[in-house]
Amino acid sequence: LKPDWSKGDSRKITALLLLKRYNDAIQICKKGLELEPNNESLKKNLELAINKEKAADANEKGEELARKQKFQEASIKFSEAINLNLEEAFFYTNR
């Protein structure tokens, strides 16, 4: 990809989000925003990637709490994951 081609970055970011490689998507968004600070698409993708990463972390913490039989605390983490990423159907099954 051309390093200064934001459309290519957007496509790569979309692919990385689908692969759940959120940190990689975040890094590409940040690099793209260095070149084009006013690019709304990159800003939205950065926010989306950050929220998806936070949601995955919250879900993981919820699963850890559930294994320790701390179900009320786990439920809070699962709800947090859902609120950060409404698109991930898997999160709804944990609660």
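### Focus on the overall build of the protein chain
No. 1: Per the secondary structure count, the protein chain includes 5 helices and 0 strands.
No. 2: When the helices and strands of the protein chain are listed from N to C terminus, the series reads α-α-α-α-α.
No. 3: Relative to a compact globule of 95 residues, whose C-alpha radius of gyration would be 12 Å, the protein chain shows 16 Å and is clearly more extended.
No. 4: Projected onto the principal axes, the alpha-carbon positions of the protein chain cover approximately 50 × 20 × 20 Å.
No. 5: Per-residue burial over the protein chain gives 35% buried out of 95 residues.
No. 6: Contacts in the protein chain between residues at least 24 apart in sequence constitute 44% of all its contacts with a sequence separation of at least 6.
No. 7: For the protein chain, the accessible surface area stands at approximately 6500 Å², while carbon and sulfur atoms represent 50% of it.
No. 8: Considering the protein chain, the positive charge centre built from 18 side chains and the negative charge centre built from 16 side chains are found 1 Å apart.

### So, the pattern of salt bridges
No. 1: This structure, assessed with the given rule, holds 6 salt bridges.
No. 2: Its salt-bridge partner being Lys20, residue Glu88 comes within 3.2 Å of it at the nearest N-O pair. Of this pair, Glu88 sits in the loop between helix H4 (71–84) and helix H5 (89–94) while Lys20 sits in the loop between helix H1 (6–18) and helix H2 (22–35); the two residues are 68 residues apart in sequence, bridging distant segments of the chain.
No. 3: Taking the relative accessible area as the measure of exposure, Lys20 reaches 47% and is therefore partly exposed.

### Focus: the environment of Asn38
No. 1: Inspection of the secondary structure puts Asn38 in the loop between H2 and helix H3 (40–67).
No. 2: Assessed through its relative accessible area of 64%, Asn38 is described here as exposed.
No. 3: In the structure, Asn38 is positioned 23 residues away from Ala15 in sequence and 22 Å away in space, judged by C-alpha atoms.

The rules behind these values
Residue positions are counted from 1 within each chain, in the order its sequence is given. Two thresholds apply to this predicted model, a pLDDT of at least 70 for residue-level local features and 80 or more for giving and counting side-chain atom pairs, whereas whole-chain, interface and lining totals are computed over all residues. Processing note: side-chain calculations cover all non-hydrogen atoms of the structure and skip hydrogens and water entirely. The helix and strand labels rest on DSSP assignments: H or I over at least four residues marks a helix, E over at least two residues marks a strand, and numbering proceeds from the N terminus. In this setup the radius of gyration rests on C-alpha atoms only. A globule is expected at 2.2 Å times the number of residues raised to 0.38. Accessible area is worked out with a 1.4 Å probe on protein chains only. A residue is then buried under 20% of its type maximum, exposed over 50%, and partly exposed in between. Between two residues, a contact is recorded if the distance between any of their heavy atoms is within 4.5 Å. The accessible surface values rely on the Shrake-Rupley method and a 1.4 Å probe; as for residues, cover is taken only from the protein chains in view. Counting rule for charge: Lys and Arg are taken as positive, Asp and Glu as negative, and neither His nor the chain ends is counted. The atom standing in for a charge is NZ when the residue is Lys, CZ when it is Arg, CG when it is Asp and CD when it is Glu. The salt bridge criterion pairs a side-chain nitrogen of Lys or Arg with a carboxyl oxygen of Asp or Glu, the two atoms within 4 Å.

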